[in-house]
Amino acid sequence: MGKYFGTSGIREIVNERLTPELALNVGRALGTFLEGGTVVVGMDTRTSGEMLKQALISGLLSTGVDVIDIGLAPTPLTGFAIKLYGADAGVTITASHNPPEYNGIKVWQANGMAYTPEMENRLEAILESRNFRKAPWNGIGALRKADPREEYIKAALDMVHLGDSYTVVIDAGNGAGSVLSPYLQRELGNRVISLNSHPSGFFVRELEPNARSLSMLAKTVKAMKADVGIAHDGDADRIGVVDDGGSFVEYEVMLSLIAGYMLRKFGKGKVVTTVDAGFALDDYVRPLGGEVLRTRVGDVAVADELARHGGVFGGEPSGTWIMPEWNLTPDGIFAGALVLEMIDRLGPLSELAKEVPRYVTLRAKIPCPNEKKARAMALIAEEALRSFDYERLIDIDGVRIEGADWWILFRPSGTEPIMRITLEAHTEGKAKALMEKAEEIVKRAIDSIK
């Protein structure tokens, strides 16, 4: 992790570390890095979005880069617009699922993939040097506004087709998905009921779409006898799903189902996921001709592997899905359309979900100051390898150790001052025993660092 960029761009509390000055300089650094060209800029609904967007655009223009401002736009629309307008890069002003006091800056390549850590390191070096490109008065970049929503919907309708019409409840979490997700579902021919779909930086619910935050969506699906409920985070790069019975479909189950559906659509192939994904995905897609590859946590790592191996689908167990035949930008809105197509082809979600194997997954977050993370991780790895009788080790992102019917991942968060533990076992007793031991190891390691 660099000084500014974490696993998902820059993400900080507004007017503490993330100031208009920093946004201005990121714009100048990106323009210097690109040496000209065009950049698409969009933002989510946070109260600080306009302030940071204007500062970033000023920085870009000062280097001679042209800017297409698409205004309030979910991250997937930024990714789509980059390709639509033939831009050289894109930027979303967003903190994704973080609370409202946060915001962030995430940069996208011309192919829709997020900037890699190497590219972010180069931006950091320019930021640190303050050696920014300065355009002369007659070479300052041009600014224009655009709205690519209509083109996005048209392109999505060319790829997703429904034979029937469904009742869909959309919970956009007051985020940027509000301006696109309900409209796409309506154009697919569905009856749409919207929740929290008025854009607002004062979010009504927690932005991460999980069982707790989507309790109102679940109740609404049940009360309205809807076929499905679809939810997004702040920038709609994620999807959360509630089935026709009003139950939240666990991330791992949805990941398995949609990966399986993509294999059915495109034939056998590679499915890319991250080191924190469980065994259910492997067990579900293997009979469908799927081979699972694991990579580092973060959409850029997933997109990178998809591009390298020509995979049919990539996703994280956080509701972040990438459909390479659509774009390399994670897209919760297009994902919602695909969920409807899957229901249309294969039947009710509550029935489909029963086909996915269920194991016990536990997660824990343990506070750990960022400056302690590297040393703590070294101590945790050493102790974990000594304490557990494991069969396989994956150390591409943190440390994942696997037994015959369990696995544990120890990993420092790239966006928060915490250490994460994720584990899975076939029984609850085994999972709890593993977690107790794992938490002890992590806390001891952190406490030992003065």
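Nothing here was measured: the structure is a model prediction, and the numbers come from that model.

The terminal C-alpha atoms of helix α14 (residues 428–447), which comprises 20 residues, lie 28 Å apart, in line with the 28 Å expected from a rise of 1.5 Å per residue. Every buried residue of α14 is accounted for by A431, L434, M435, A438, I441, V442, A445 and I446. In a view along the axis of α14, the buried residues occupy a sector of 130 degrees, so they form one face of it. Projecting away from the buried face of α14 at angles above 90 degrees are the exposed residues G429, E436 and D447. Residues of α14 that are buried in the fold lie against β15 (360–367), α13 (373–387), β18 (406–412) and β19 (418–425).

We now examine the pairing of strand β13 (residues 313–316). Residues F313 and G315 of β13 are buried on one face, and the alternating residues G314 and E316, pointing to the opposite face, are buried as well. Examined bridge by bridge, strand β11 (residues 269–274) and β13 share two bridges and lie parallel to one another. Its bridge partner lying in β13, V271 is registered against F313. As judged from the three bridges shared by β13 and strand β14 (residues 320–322), these two strands associate in the antiparallel manner. Across the sheet, residue E316 finds its bridge partner in β14, namely T320. The antiparallel hairpin formed by β13 and β14 contains three residues in its connecting segment, where G319 sits at a positive phi of about 85 degrees.

Let us look at the packing of helix α1 (residues 20–34) against helix α4 (residues 117–129). Two numbers describe how α1 lies on α4: the axes approach to 9 Å, and their chain directions differ by 115 degrees. Regarding the angle of α1 to α4, the classification is roughly perpendicular. The interaxial crossing formed by α1 with α4 has right-handed handedness. Touching N25, V26, A29, L30, T32 and F33 of α1 are M119, R122, L123, I126 and L127, all from α4. Tallied by class, residues from the contact of α1 with α4 come to eight nonpolar, two polar and one charged.

Applying the stated criterion to the full structure yields eight aromatic pairs. Taking 5.3 Å as the distance between ring centres and 75 degrees as the angle between the ring planes, the aromatic pair formed by F80 and Y152 counts as edge-to-face. Linking F80 in helix α3 (residues 75–84) with Y152 in helix α5 (residues 149–159), this pair joins segments that are 72 residues apart in sequence. Y152 matches F80 in its accessibility class, with the two residues each being buried. Ring geometry for Y152 and W326: centres 5.3 Å apart, planes at 90 degrees, overall edge-to-face. Placement of Y152 in helix α5 and of W326 in the loop between β14 and α11 (332–346) is noted, with a sequence separation of 174 residues between them. Among the residues examined, Y152 registers a relative accessible area of 0% and is labelled buried. For W326, a relative accessible area of 10% puts it in the buried group. Aromatic ring contacts, followed pair by pair, group F80, Y152, W326 and F334 into a single cluster. The ring of Y85 is capped by R144, whose NZ or CZ atom sits 5.3 Å from the centre of that ring. Here K437 stacks its cationic end above the ring of F388, 4.5 Å away from the centre of that ring.

A few words now on the sheet that holds β13. Taken in spatial order, the four strands of this open sheet run β12-β11-β13-β14, and their pairing is mixed. Across the chains shown, the open sheet's two edge strands, defined by having one partner strand only, are β12 (290–295) and β14. Pairwise comparison of adjacent strand axes, ignoring direction, gives a mean angle of 20 degrees for this sheet. Along the sheet, helix α10 (residues 299–309) contacts β11, β12, β13 and β14; its crossing angle with β13, the most-contacted strand, is approximately 160 degrees.

Here E12 shows up in strand β1 (residues 10–13). One polar contact links E12 to R17, side chain to side chain, over a distance of 3.2 Å. Not counting chain neighbours up to four residues away, the residues in contact with E12 comprise R17, L18, E101, Y102 and N103.

So, about the pairing of strand β8 (residues 191–195). Bridge count for strand β7 (residues 167–171) against β8 is five bridges, and the pairing is parallel. Counterpart to D171 in the pairing with β8 is L195. Crossover handedness for the path β7 to helix α6 (residues 181–187) to β8: right-handed.

Read from one edge to the other, the open sheet built from five strands follows the order β15-β19-β18-β17-β16, with strand pairing classed as antiparallel. Edge positions in the open sheet fall to β15 and β16 (392–394), since each of these has one partner strand only. For this sheet, the mean inter-axis angle between neighbouring strands, taken without regard to orientation, is 10 degrees. Taken together, the seven bridges between β18 and β19 define a ladder with antiparallel strand orientation. Paired with W407 across the bridge in β19 is E424. Contacts from α13 reach β16, β17 (399–402), β18 and β19 within the one sheet, and its direction differs from that of β18 by about 160 degrees.

So, how was this worked out
- Residues numbered from 1 in each chain as written.
- Predicted model: local features only at pLDDT ≥ 70, side-chain atom pairs only at ≥ 80, totals over all residues.
- Heavy atoms only, no water.
- Helix = DSSP H or I, 4+ residues; strand = E, 2+ residues; numbered from the N terminus.
- Expected span 1.5 Å × (residues − 1).
- Buried < 20%, exposed > 50% of the residue type's maximum accessible area, 1.4 Å probe, protein only.
- Arc of directions from axis to C-beta.
- Contact = heavy atoms within 4.5 Å.
- Pairing = 2+ DSSP bridges.
- Axes fitted to C-alpha atoms, helices over the stretch in contact; angles between N-to-C directions.
- Parallel < 35°, antiparallel > 145°, perpendicular 65-115°, else oblique.
- Left-handed = near helix turned anticlockwise from the far one by under 90°.
- Nonpolar A, V, L, I, M, F, W, Y, C, P; charged D, E, K, R; others polar.
- Phe/Tyr/Trp six-rings, centres within 6.5 Å; stacked < 30°, edge-to-face > 60°.
- Lys NZ or Arg CZ within 6 Å of the ring centre and 35° of its normal.
- Polar contact = N/O pair within 3.5 Å; in protein donor to acceptor, adjacent residues only side chain to side chain.
- Right-handed = clockwise from strand over helix to strand, strands pointing away.

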